[in-house]
Amino acid sequence: MKTLKEWDVKVKLVRTKRGAILHKIELSENHFFLEQNPLKDSKYGVAYRKIKNKFPEFYMFWEIKNNRYTGRLLVGSFLEKEEIDEFITLVAQSEDFKKFEHILEEIEEEEKE
């Protein structure tokens, strides 16, 4: 593995004006990802709350550049293999993925310059 680009990223725990405690991933002064507020009564707030109920280690972040939502999201979860199988089945609404073999790729070493 060869490093092509590197960022200094800060992860912060912030409190909103309404009191929600959220994660914020700062890439630069005017570019960050803010966690979806699960307390917000909106389409995404309610969906996030329901997903977090079933998968507490699931995270959804909205990209914000120059104080504007870009409409792009960063989503991810820390799960065990059995949990990701359940998650994928839930999202895909299909058991088709179980036909495929679970193959772990070899981890490449990072090249030193």
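Refer to the structure presented above.
Residues numbered from 1 in each chain as written. Predicted model: local features only at pLDDT ≥ 70, side-chain atom pairs only at ≥ 80, totals over all residues. Heavy atoms only, no water.

The grouping of Glu 57, Glu 80, Glu 82 and Glu 83 at the surface amounts to a negative patch. Secondary-structure assignment places Glu 80 in the loop between β5 (68-77) and α2 (81-92). (Patch = residues over 30% accessible without salt bridge, like charges linked within 9 Å, V, L, I, M, F, W, Y side chains within 5 Å. Areas by Shrake-Rupley, 256 points an atom, 1.4 Å probe, with all protein chains shown as cover. Salt bridge = Lys/Arg side-chain N within 4 Å of Asp/Glu carboxyl O. Lys, Arg positive; Asp, Glu negative; His and termini not counted. Charge placed at Lys NZ, Arg CZ, Asp CG, Glu CD. Helix = DSSP H or I, 4+ residues; strand = E, 2+ residues; numbered from the N terminus.)

Bringing α2 into the picture now. Here α2 spans 16 Å end to end across 12 residues, near enough to the 16 Å set by a 1.5 Å rise per residue. Those residues of α2 that fall on the buried side of the exposure criterion are Asp 85, Phe 87 and Thr 89. Buried positions along α2 lie against β4 (58-65). (Expected span 1.5 Å × (residues − 1). Buried < 20%, exposed > 50% of the residue type's maximum accessible area, 1.4 Å probe, protein only. Contact = heavy atoms within 4.5 Å.)

Our focus in this paragraph is the packing of aromatic side chains. Taken as a whole and assessed by the stated rule, the structure comprises 5 aromatic pairs. Each ring, one from Tyr 44 and one from Trp 62, has its centre 5.0 Å from the other, and the planes form 90°; the classification is edge-to-face. Taken together, the positions of Tyr 44 in helix α1 (residues 43-54) and Trp 62 in strand β4 put the pair 18 residues apart, joining distant regions of the chain. For Tyr 44, a relative accessible area of 37% gives the class partly exposed. Given a relative accessible area of 15%, Trp 62 falls into the buried group. (Phe/Tyr/Trp six-rings, centres within 6.5 Å; stacked < 30°, edge-to-face > 60°.)

Let us now look at the sheet that holds β5. Ordered by their spatial adjacency, 5 strands build an open sheet running β1-β2-β3-β4-β5, and the pairing between neighbours is antiparallel. What marks the edges here is a single partner per strand, and that holds for β1 (10-15) and β5. Strand-to-strand twist in this sheet, taken as the mean axis angle between neighbours without regard to direction, amounts to 30°. Each of β3 (31-35) and β4 touches α1; the most contacted strand, β4, lies at about 150° to it. (Pairing = 2+ DSSP bridges. Axes fitted to C-alpha atoms, helices over the stretch in contact; angles between N-to-C directions.)

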